[in-house]
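Below, each chain spelled out in residue letters.
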Amino acid sequence: MNLEFEIAGGDFTKAGYASSQVKKMLKQLGVEAHCIKNIVIALYEAEVNVVAHAYEGQILVHIESDKITTKIIDKGPGIPDIEQAMQEGYSTASKKVREMGFGAGMGLPNIKKNTDKLQIQSKVDEGTTVEMVNYF
Amino acid sequence: MKVSDLIEQLNLEVISGEKGLDREVTGAYVSDLLSDVMGNARESQMWITLQVHQNVMAIASLKDLAAVILVKGLRPHESTIRHSNDEQIPILSTTDSTFEISGKLFELLKKEGCLA
């Protein structure tokens, strides 16, 4: 089963929509609650990252009998140093984003903690692709 | 304990999400960093915060939280209220500081044996 969502950079009003839809879908499919919780945390953080940093993005969700693969592809500034970005507390978020309570440098660490497989590819001035796999 | 039980005992004002007042409460999480709440809050907990924008409700809904308590008499944005009503997760308000309301809520939940 495949689901697809568009994300607009800078639009915080819609942040969480894709996560909410995926949560509902996985519940309907009877996926174990703990597993759903992990996926929802990771996907929400990925959504917020696109909204906070990129110009636009796309989420592709592929659900199989034993796993869910989520790909978040954005057009944006890219991440020059992925290892640094993965560090807890490191953030390049704007002041406005931080005032909302985002940008604490916890997003990517939250994604890592809550996925079974995580792959990040990024090109500066082009964009970032995050691929996450969670086994049921 | 239900959210409605806390309202009387802690003198909270119900701002929105009345349909969710019978949600069970099993504890609380206190933070103004959204990723912290996303990563660490647990289902059926109250969330005490000073953030008033609508992403608060997106998180409360994704995490199946019992209700949100806004401190120091802060008022939520209109969009936050709408989201709260849609999701049936109450927003409650207190004039207390975060420290005061957290202490009171902790004592009450502990006394009633409601801390999971």
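Each value, and the rule that gives it
- Residues numbered from 1 in each chain as written.
- Chains lettered and ligands numbered in written order.
- Predicted model: local features only at pLDDT ≥ 70, side-chain atom pairs only at ≥ 80, totals over all residues.
- Heavy atoms only, no water.
- Contact = heavy atoms within 4.5 Å.
- Salt bridge = Lys/Arg side-chain N within 4 Å of Asp/Glu carboxyl O.
- Polar contact = N/O pair within 3.5 Å; in protein donor to acceptor, adjacent residues only side chain to side chain.
- Helix = DSSP H or I, 4+ residues; strand = E, 2+ residues; numbered from the N terminus.
- Nonpolar A, V, L, I, M, F, W, Y, C, P; charged D, E, K, R; others polar.
- UniProt positions renumbered as here; feature names shortened; annotations may be inferred.

**Looking at the interface of chain A and chain B**
Part 1 of the argument: Counting from both sides, the interface comprises 21 residues of chain A and, opposite them, 18 residues of chain B.
Part 2 of the argument: Our enumeration of links across chain A and chain B arrives at 2 salt bridges.
Part 3 of the argument: Note that A:K37 is salt-bridged to B:E43, the shortest N-O span being 2.9 Å.
Part 4 of the argument: Where chain A meets chain B, there are 10 residue pairs in polar contact (both at pLDDT 80 or more).
Part 5 of the argument: At the level of elements, α1 (17-28), α2 (33-53) and α5 (107-113) of chain A are the ones that each hand at least two residues to the side of chain A that touches chain B.
Part 6 of the argument: No other element matches α2(A), which puts 5 residues into the side of chain A that touches chain B.
Part 7 of the argument: Each residue belonging to the side of chain A that touches chain B can be placed in one class, and the counts come to 9 nonpolar, 7 polar and 5 charged.

**What about the UniProt feature "domain: DRTGG" (unreviewed entry) in chain B?**
Part 1 of the argument: Within this numbering scheme, the UniProt entry marks residues 5-105 of chain B as carrying the feature "domain: DRTGG" (unreviewed entry).
Part 2 of the argument: With 39% helix and 20% strand, the stretch residues 5-105 of chain B has end C-alpha atoms that lie 11 Å from each other.

**Comments concerning the UniProt feature "domain: Histidine kinase/HSP90-like ATPase" (unreviewed entry) in chain A**
Part 1 of the argument: The positions that UniProt labels "domain: Histidine kinase/HSP90-like ATPase" (unreviewed entry) are, in the present scheme, residues 19-133 of chain A.
Part 2 of the argument: Split by type, residues 19-133 of chain A is 41% helix and 27% strand. Its first and last C-alpha atoms lie 15 Å apart.

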